[in-house]
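Coordinates in review
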Amino acid sequence: VYFRLQSFVFMPVFGLTQGAMPIMGYNYGAKNRKRLTKTIHLTLRVSIIIMIIGTVVFQLFPDQLLAIFDASYQMLEMGRMAMRLLSICFVPAAVGITFSTLFQALGHGIYSLIMTLIRQCFAILPIAYFLSKVIGVNGVWAAYPMAETAGLTAAILFYRHIYKKKIRNLPDGAE
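Residues numbered from 1 in each chain as written. Predicted model: local features only at pLDDT ≥ 70, side-chain atom pairs only at ≥ 80, totals over all residues. Heavy atoms only, no water.

Focus: helix H1 (residues 2-29)
Structural remark: α-helix, 3.6 residues per turn; residues separated by three or four positions point the same way. Compared with an ideal rise of 1.5 Å per residue, which puts 28 residues at 40 Å, H1 spans 39 Å between its outermost C-alpha atoms and is within 8% of the ideal. In H1, a bend of some 40° at Val 9 exceeds every other bend along the element, and Pro 12, a proline, comes one to four places later. Those residues of H1 lying buried are Tyr 2, Leu 5, Gln 6, Val 9, Phe 10, Val 13, Thr 17, Ala 20, Met 21, Met 24 and Asn 27. Residue Lys 31 follows H1 closely and has a positive phi angle near 55°. (Helix = DSSP H or I, 4+ residues; strand = E, 2+ residues; numbered from the N terminus. Expected span 1.5 Å × (residues − 1). Bend = angle between axes of the 7 residues up to and from the residue. Buried < 20%, exposed > 50% of the residue type's maximum accessible area, 1.4 Å probe, protein only.)

The following block contains the structure:
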């Protein structure tokens, strides 16, 4: 149920970033740093705003969202905590999705792949296993924000590297 509801928050961000990708790629190819960075910043701002709204809705109205799916008492009890813990990931995910799209636009899709592997394999599995033993099922939910933080850290490091090597030295725009 959570992942179905989450898709309503993530879909606009994916649409936005997919629309921004050719603009990023075009301006990188045109060696127009000003437009490229403006597109990155605008995409980040709008993505973060969308995700903040989603986080607020998931934090304040988990019962109402779960009721859409005719949730039982047990599902409400577990789902309430899960939705609140998992929605903490939304804002870091906005940054990760935007940077992942940028990496693809600049021809560095391998960075996107590494970020995904960190979030969905290398970080989430051991953290979820450990926390499930210590905290129980809520530990599994808590592992998601931690894994997202690991992916975000990688995204920021990759972005800094790409910015220094590829973007910083581009001219400000067409003469």
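Let's talk about unusual backbone geometry
Positive phi outside glycine occurs at Lys 31, with the angle close to 55°. The backbone phi angle of Asp 70 is positive, close to 55°, even though this residue is not glycine. Taking relative accessible area as the criterion, Asp 70 reaches 71% and is therefore assigned exposed.

Considering the packing of aromatic side chains
Scanning the model with the defined rule gives eleven aromatic pairs in all. Consider the rings of Phe 10 and Phe 90, whose centres lie 5.4 Å apart with planes at 85°: the pair is edge-to-face. Linking Phe 10 in helix H1 with Phe 90 in helix H5 (residues 90-105), this pair joins segments that are 80 residues apart in sequence. Grouping residues by exposure puts Phe 10 and Phe 90 together as buried. Ring plane angle 5° and centroid distance 4.5 Å describe the contact between Phe 99 and Tyr 159, whose orientation is recorded as stacked. Note that Phe 99 is positioned in helix H5 and Tyr 159 in helix H7 (residues 137-167), a separation of 60 residues in sequence. Since its relative accessible area comes to 14%, Tyr 159 is described here as buried. An aromatic cluster is built from Tyr 2, Phe 3, Phe 10, Phe 14, Phe 58 and Phe 90, whose rings are joined through pairwise contacts. (Phe/Tyr/Trp six-rings, centres within 6.5 Å; stacked < 30°, edge-to-face > 60°.)

With respect to the state of the cysteines
This model, assessed by the stated rule, comprises zero disulfides. Here Cys 89 is not cross-linked by a disulfide; its sulfur's nearest cysteine counterpart is in Cys 121, at 16 Å. Taking the relative accessible area as the measure of exposure, Cys 89 reaches 8% and is therefore buried. (Disulfide = S-S within 2.5 Å.)

Observations concerning helix H2 (residues 33-60)
An ideal rise of 1.5 Å per residue puts 40 Å on 28 residues; H2 measures up with 40 Å between its terminal C-alpha atoms. Residues of H2 that are buried include every one of Leu 36, Thr 37, Thr 39, Ile 40, Thr 43, Leu 44, Ser 47, Met 51, Gly 54, Thr 55 and Phe 58, and no others. Buried residues along H2 sit against H1, helix H3 (62-67), helix H4 (73-86), H5 and H7. (Contact = heavy atoms within 4.5 Å.)

What to know about the nonpolar core
Counting 27 residues, the largest nonpolar core has Phe 10, Met 51, Phe 58, Met 83 and Phe 90 as the members making the most contacts within it. At the level of elements, H1, H2, H3, H4, H5, helix H6 (109-134) and H7 are the ones that each hand at least two residues to this core. Among all residues touching Phe 58, those that are not within four sequence positions of it are Tyr 2, Leu 5, Gln 6, Val 9, Leu 65, Met 83, Arg 84, Ser 87 and Phe 90. (Core = buried A, V, L, I, M, F, W, Y, C linked by side-chain atoms within 4.5 Å.)

Examining the side chain of Glu 148
Relative to the helices and strands, Glu 148 resides in helix H7. Judged by relative accessible area, which is 12%, Glu 148 ranks as buried. Non-local contacts of Glu 148, meaning those with residues more than four positions away in its chain, are made with Cys 89, Pro 92, Ala 93 and Arg 119.

A closer look at the side chain of Thr 43
On the secondary structure map, Thr 43 appears in helix H2. Sequence-distant contacts of Thr 43, defined by excluding residues within four places in its chain, comprise Leu 16, Thr 17, Ala 20, Met 24 and Thr 98.

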